[in-house]
Amino acid sequence: MTNKPHDSLFKSVFQNPENAAAELRHVLAPDHVSAIDWATLTLEPGSYIDDKLADQHSDLLFSANARTSGERVLVYVLFEHRSSPEPRMALRLLSYMVRIWERFADANKDAPLPLILPAVLAHAPGGWRVPTRFSSLFSPSLGELATHVLPDFAYAVDDLQRTNDADLRRRTIARQARLALWLMRDARDSALLLRRLAFWQDELESLARMPGGRRALTPLLRYITLVAPQLQLEQIRAILKERAPTAESITMTIAEQLRAEGMAKGKAEGKLEGKVESLVLVLESRGIRVEAHVRDRLSAMATHELDVLLVRAASGESLGDLLEK
């Protein structure tokens, strides 16, 4: 089971270059859209977000040819799934863009740096109400002082909270991607998700019945089962049962799989906790005090490492010696 359902859905759907191209053609400025050969869009490896912010952002980097020069252009997409928009998102994007340029420079010593087009996919409640131009983060009174030294760029935003159901359904984008955008927008609000489900259930059923539909629908329904409480999940299934029976049956299967995964995870965690307690008991019976930070270190170990420590605990003269071996 994943503890990052937003990240998982975003990447499973939009790492597909066709889905990403359709989304980017919608969100980027028209002159940027016309300048890129979208048939050449390619997913690039790596993530550039800070580890401590991984629960708030997800990212994908693509490259494509410019239509006129044929040079590669980078398109950086950040999915922002915090509960509120980040006022200095332009600054954060700049730091990620610098990392991309640094990695490129390391691999291409003498080549000119590639152009990066940044875009943000956002579903913060209340909509995106923060500056999208980097220079907006500075005092306007700087005037001429900033003219020749201030780097500047603007990023595009697909603000899902300002997009209604009818607008989403009119988008020229694959059905799976369209449904993913709807779920990213609404799934965190239980009551809203249930109200909007009637509008989208025919799309879910149509996707389920397409060739390869089950594979395409699975990450969407998995996302619902991960973010929806159990009672709500039963209500969702009841709504789907009449008009979207194929989607409902897949939802039931996924829910059962998640319950099984949860039980397996619980058993594994219980087994790990038991080994830690056994090791602590052995150590304390020998007069070795186990401080809280040491217990935390033990809890972070794999079960096979704890098995080794249990064997060594009988002869180790101190806890420090034990953990250093």
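Student: Please provide a residue-by-residue account of the nonpolar core, values included.
Tutor: Core analysis: the biggest nonpolar cluster contains 55 residues, and Phe14, Leu24, Leu28, Trp182, Met184, Leu217 and Leu220 have the highest contact counts within it. It is helix H7 (residues 175-186) that contributes the most residues to this core, seven residues altogether. Other than its neighbours up to four places away in sequence, Trp182 contacts Asp165, Leu168, Leu193, Arg196, Leu197, Trp200 and Leu204. Counting residues in hydrophobic clusters, the runner-up holds 23 residues, among them Leu61, Ile116, Val120 and Trp128.

Student: I'd like a description of the layout of surface pockets, backed by residues and values.
Tutor: What the largest pocket holds in volume is close to 280 Å³. For the largest pocket, the lining is made up of 16 residues, of which Ser63, Arg72, Leu74, Phe104 and Pro114 are closest to its centre. Secondary structure elements with two or more residues in the lining of the largest pocket: strand S2 (57-66), strand S3 (72-80) and helix H4 (89-107). Each pocket or cavity is described by its volume, and for the second largest pocket that value is around 230 Å³. Together, 17 residues line the second largest pocket, and Asn16, Asn19, Ala174, Arg175 and Gln176 are the ones closest to its centre. When contributions to the lining of the second largest pocket are tallied by element, the ones reaching two or more residues are helix H1 (5-14), helix H2 (17-27), H7 and helix H9 (213-227). Looking at which element gives the most residues to the lining of the second largest pocket, the answer is H2, with four residues.

Student: Which residues make up the environment of His81, and what values do they have?
Tutor: For His81, the location among the structural elements is in the loop between S3 and H4. Residue His81 is classed as buried on the basis of its relative accessible area, which comes to 6%. Sequence separation between His81 and His6 is 75 residues; the distance between their C-alpha atoms is 7.1 Å. Only 3.1 Å separates the side chain of His81 from the side chain of Ser58, close enough to count as a polar contact.

Student: Outline the pattern of salt bridges, supporting the account with residue identities and numerical values.
Tutor: Taken as a whole and judged by the stated rule, the model has 18 salt bridges. The closest approach of N and O atoms between Arg133 and Asp152, which form a salt bridge, is 3.1 Å. Here Arg133 is found in the loop between strand S4 (116-122) and helix H5 (144-147), whereas its partner Asp152 is found in the loop between H5 and strand S5 (156-159), with 19 residues between them in sequence. Residue class for Arg133 comes out partly exposed when judged on its relative accessible area of 37%. Classification of Asp152 as partly exposed rests on a relative accessible area of 38%. Across the pair Asp165 and Arg196 runs a salt bridge whose closest N-O atoms are separated by 3.4 Å. Of this pair, Asp165 sits in helix H6 (residues 165-170) while Arg196 sits in helix H8 (residues 190-209), and the two are 31 residues apart along the sequence. Look at Asp165 and you get buried, because its relative accessible area is 11%. Overall, the relative accessible area of 28% leaves Arg196 in the partly exposed class. When salt bridges that share partners are traced, they join Arg169, Arg175, Arg178, Asp202 and Glu203 into one network.

Student: Which residues make up the packing of H7 against H9, and what are the values?
Tutor: It is the contact of H7 with H9, at a shortest axis distance of 10 Å, that shows an interaxial angle of 5 degrees. Judged by the angle between their axes, H7 and H9 are roughly parallel. Facing Gln176, Leu179, Ala180, Leu183 and Met184 of H7, the residues of H9 in contact are Ala216, Pro219, Leu220, Tyr223 and Ile224. Here the contact of H7 with H9 is built from residues that sort into nine nonpolar, one polar and no charged.

Student: Quick one: what's the story with the packing of aromatic side chains, residue by residue and with numbers?
Tutor: All chains considered together, the criterion is met by eight aromatic pairs. A ring pair is formed by Phe134 and Phe138, whose centres lie 5.3 Å apart and whose planes are at 70 degrees; its orientation type is edge-to-face. Site record: aromatic cluster; members linked through ring pairs are Phe10, Phe14 and Phe79. Between Arg169 and the ring centre of Phe199, over which it is positioned, the NZ or CZ distance is 5.0 Å. Directly above the ring of Trp200 sits Arg169, whose terminal nitrogen or CZ lies 5.6 Å from the centroid.

Student: For the sheet that holds strand S1 (residues 36-44), give the residues involved together with the corresponding values.
Tutor: If you walk across this open sheet you meet the five strands as S1-S2-S3-S4-S5, and the pairing is mixed. Only two strands of the sheet have a single neighbouring strand rather than two, namely S1 and S5. Between one strand axis and the next, the sheet turns through 25 degrees on average, direction left out of account. Bridge count between S4 and S5: four bridges; the pairing is parallel. Opposite Ala119, over in S5, you have Ala156 as the bridge partner. Together, S1, S2, S3, S4 and S5 form the strand contacts of H2, whose direction differs from that of S1 by roughly 125 degrees.

Student: With reference to specific residues and values, describe the confidence of the model for the protein chain.
Tutor: Per-residue confidence for the protein chain averages 83 on the pLDDT scale, and 85% of its residues sit at or above 70. Helix H14 (residues 319-324) is the least confidently modelled element of the protein chain, averaging 55 in pLDDT, while S1 averages 97, the highest of any element. Confidence drops under a pLDDT of 50 for residues 262-268, and excluding neighbours within four residues, the segment shows one contact in the predicted structure.

The rules behind these values
- Residues numbered from 1 in each chain as written.
- Predicted model: local features only at pLDDT ≥ 70, side-chain atom pairs only at ≥ 80, totals over all residues.
- Heavy atoms only, no water.
- Core = buried A, V, L, I, M, F, W, Y, C linked by side-chain atoms within 4.5 Å.
- Buried < 20%, exposed > 50% of the residue type's maximum accessible area, 1.4 Å probe, protein only.
- Helix = DSSP H or I, 4+ residues; strand = E, 2+ residues; numbered from the N terminus.
- Contact = heavy atoms within 4.5 Å.
- 1 Å grid on protein atoms, 1.4 Å probe; cavity = no way out; pocket = protein on both sides within 12 Å on 5 of 7 lines; lining within 4 Å.
- Points joined across faces, edges and corners; volume = space filled by probe spheres on them.
- Polar contact = N/O pair within 3.5 Å; in protein donor to acceptor, adjacent residues only side chain to side chain.
- Salt bridge = Lys/Arg side-chain N within 4 Å of Asp/Glu carboxyl O.
- Axes fitted to C-alpha atoms, helices over the stretch in contact; angles between N-to-C directions.
- Parallel < 35°, antiparallel > 145°, perpendicular 65-115°, else oblique.
- Nonpolar A, V, L, I, M, F, W, Y, C, P; charged D, E, K, R; others polar.
- Phe/Tyr/Trp six-rings, centres within 6.5 Å; stacked < 30°, edge-to-face > 60°.
- Lys NZ or Arg CZ within 6 Å of the ring centre and 35° of its normal.
- Pairing = 2+ DSSP bridges.
- pLDDT = per-residue confidence, 0-100.

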